[in-house]
Amino acid sequence: MRFENIGDKRAVILRRGQIALFHDERGWRLPQCPGVIETEDEIFHPAEGTVAISTQCDAPEGTEYVGLRESWRLLGREEYLLAAKGAELLNWASVTRFCSGCGSRLRRNTEISLVCPSCGREYFPQLSPAVVVLVTKGEEALLVHATNFKRPFHALVAGFVETGETLEECVAREVREETTLEIEDIRYFGSQSWPFPHQLMLGFTARWKEGEVRFADGELTSGGFFSRDALPELPTPPSLSRAIIDAWIEGKL
Ligand SMILES: [Zn+2]
């Protein structure tokens with residue numbers, strides 16, 4: 001246990017996946033934390049004037065712990081991005097404690113990296129790129145429910161990029177593996193940092209080429225092509241999946 005004085009910086013204070021937020025008549029914000037904060041773990045700096053701290057302590061006075069995903073709805077965009085980056089750094093550091101080369105305990109190096117004090121090897125946050133794709137067939141779009149979804153919504157085919165493949169190959173492979181469909185005209189839509197815990201989501205659109213939807217690999221439990229006037233329950237914002245679906249619904253693709 002040690003004590004750190006973080007002055008009057010904005011603080012991303014993380015405890016078991018939740019962040020401490022301050023609330024008054026002007027709304028929800030990251031807390032300014034004058035004085036002393038009790039903390040056990042490393043401190044990172046997701047941006048100038050902002051610290052990120054992992055702690056086991058109660059929320060500082062005047063704040064309360066809120067789920068990181070929930071904070072997207074409460075905070076402005078700039079503060080949500082700081083909170084997400086801070087939480088991602090802290091989650092990464094919590095599972096990156098020892099040098100994989102020599103086994104020494106790592107210590108913080110720059111604002112966003114760790115270093116081994118024995119052999120000098122540097123460690124930077126790991127990202128896991130993953131794709132989501134909206135496949136259209138005429139006026140309908142492919143929406144699916146995956147086994148690991150916690151609620152009954154339907155979203156886009158998704159999956160992690162594998163070693164040695166391009167993003168487009170990943171998109172085509174995931175659609176083929178999960179539905180047996182073949183697609184064409186794969187186009188980039190946009191990307192999103194997804195700090196749950198360390199993904200970079202890359203969004204695509206594509207057109208159905210051939211095949212019938214069959215759930216081949218057990219990852220999906222239901223789904224198919226839906227028209228705009230008969231949509232199932234959809235994922236909630238701020239997911240990239242929802243942003244692509246909304247763009248399709250609004251005819252903006
Ligand atoms: Zn080392």
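Just so it is clear, the structure is predicted and the values come from calculations on it, not from any experiment.

What counts, and where the lines are drawn
Residues numbered from 1 in each chain as written. Predicted model: local features only at pLDDT ≥ 70, side-chain atom pairs only at ≥ 80, totals over all residues. Heavy atoms only, no water. Core = buried A, V, L, I, M, F, W, Y, C linked by side-chain atoms within 4.5 Å. Buried < 20%, exposed > 50% of the residue type's maximum accessible area, 1.4 Å probe, protein only. Helix = DSSP H or I, 4+ residues; strand = E, 2+ residues; numbered from the N terminus. Contact = heavy atoms within 4.5 Å. Donors = N, O, S within 2.8 Å, 3.2 Å for Na, K, Ca; no water. Tetrahedral: all angles 85-135°; square planar, octahedral: opposite > 155°, others 65-115°. Domains from an automatic or database assignment. Buried area = accessible area lost by both parts, 1.4 Å probe. Salt bridge = Lys/Arg side-chain N within 4 Å of Asp/Glu carboxyl O. Polar contact = N/O pair within 3.5 Å; in protein donor to acceptor, adjacent residues only side chain to side chain. Nonpolar A, V, L, I, M, F, W, Y, C, P; charged D, E, K, R; others polar.

### What to know about the nonpolar core
Grouped together as the largest cluster of nonpolar side chains are 25 residues, with contacts concentrated most on Ile19, Leu21, Leu30, Phe44 and Trp92. Where this core is concerned, the elements lending two or more residues are strand S2 (10–15), strand S3 (18–24), helix H1 (68–74) and helix H2 (77–94). In terms of residue count, H2 provides more of this core than any other element does, 9 residues in total. Leave out the neighbours within four places in its chain, and isoleucine 19 touches Val12, Ile13, Leu14, Leu30, Glu64, Tyr65, Val66, Leu68, Ser71 and Ala83. In terms of nonpolar packing, the next biggest core, distinct from the first, is built from 17 residues, Val131, Val133, Val135 and Ile183 among them.

### What about the coordination of the zinc ion?
The protein atoms that coordinate the zinc ion are Cys99 (SG), Cys102 (SG), Cys116 (SG) and Cys119 (SG), at distances spanning 2.3 to 2.4 Å. For the zinc ion, the 4 donor atoms in the first shell make angles of 97 to 124 degrees at the metal, a pattern classed as tetrahedral. Donor residues for the zinc ion, ordered by position in the chain, follow C-x2-C-x13-C-x2-C. Note that cysteine 102 is positioned in the loop between H2 and strand S9 (107–108) and cysteine 116 in the loop between strand S10 (114–115) and strand S11 (122–123), a separation of 14 residues in sequence.

### Considerations on the side chain of threonine 50
Mapping threonine 50 onto the fold places it in strand S7 (residues 50–54). The residues touching threonine 50, leaving out its near neighbours within four places in the chain, are Lys9, Arg10, Val12, Phe44, His45 and Leu82.

### Structural notes on unusual backbone geometry
Note the cis peptide between phenylalanine 196 and proline 197, where omega equals 5 degrees. As for its position among the elements, proline 197 is in the loop between strand S15 (182–194) and strand S16 (199–210). Put simply, proline 237 and proline 238 share a cis peptide bond, and its omega is 10 degrees. Tracing the sequence through the fold places proline 238 in the loop between strand S17 (220–227) and helix H4 (240–249). Unusually for a residue other than glycine, threonine 180 sits at a positive phi of about 70 degrees. Locating threonine 180 in the fold gives a position in the loop between helix H3 (167–179) and S15. A positive phi angle, near 55 degrees, is found at aspartate 185, a position not held by glycine. Along the chain, aspartate 185 turns up in strand S15. Judged by relative accessible area, which is 31%, aspartate 185 ranks as partly exposed.

### Here we look at the environment of alanine 130
With respect to the helices and strands, alanine 130 occurs in strand S12 (residues 128–137). For the pair alanine 130 and leucine 21, spaced 109 residues apart in the sequence, the C-alpha separation amounts to 29 Å. In this view, alanine 130 contacts Gly159, Phe160, Val161, Gln199, Leu200, Met201 and Leu202; residues no more than four positions away in its chain are not counted.

### Describing the domain arrangement of the protein chain
What the domain assignment lists for the protein chain is domain 1 (2–94) and domain 2 (128–249). Between the C-alpha centres of domain 1 and domain 2 the distance comes to 32 Å. The interface is formed by 6 residues belonging to domain 1 together with 10 residues belonging to domain 2. For domain 1, the biggest contributors to the area lost against domain 2 are Arg69, Trp72 and Glu88; these three give 68% of the whole. Across the contact surface, domain 1 and domain 2 share 0 salt bridges. Along the contact surface separating domain 1 from domain 2 lie 0 residue pairs in polar contact (both at pLDDT 80 or more). Sorting the residues of the side of domain 1 that touches domain 2 by element identifies H1 and H2 as the ones contributing at least two each. Classifying every residue of the side of domain 1 that touches domain 2 by side-chain character gives 4 nonpolar, no polar and 2 charged.

### What to know about the pattern of salt bridges
According to the stated counting rule, one finds 16 salt bridges in the structure shown. The partner of arginine 10 in a salt bridge is glutamate 78, and the shortest N-O contact between them spans 3.1 Å. Here glutamate 78 lies in helix H2 and arginine 10 lies in strand S2, a separation of 68 residues in the sequence. A salt bridge links arginine 73 to glutamate 70, with the nearest nitrogen and oxygen atoms 2.5 Å apart. In this pair, arginine 73 and glutamate 70 both sit in helix H1, 3 residues apart, roughly one turn of the helix. The class for glutamate 70 is partly exposed, based on a relative accessible area of 35%. Residues joined in a network through salt bridges with shared partners are Glu162, Glu165, Arg173, Glu174 and Glu177.

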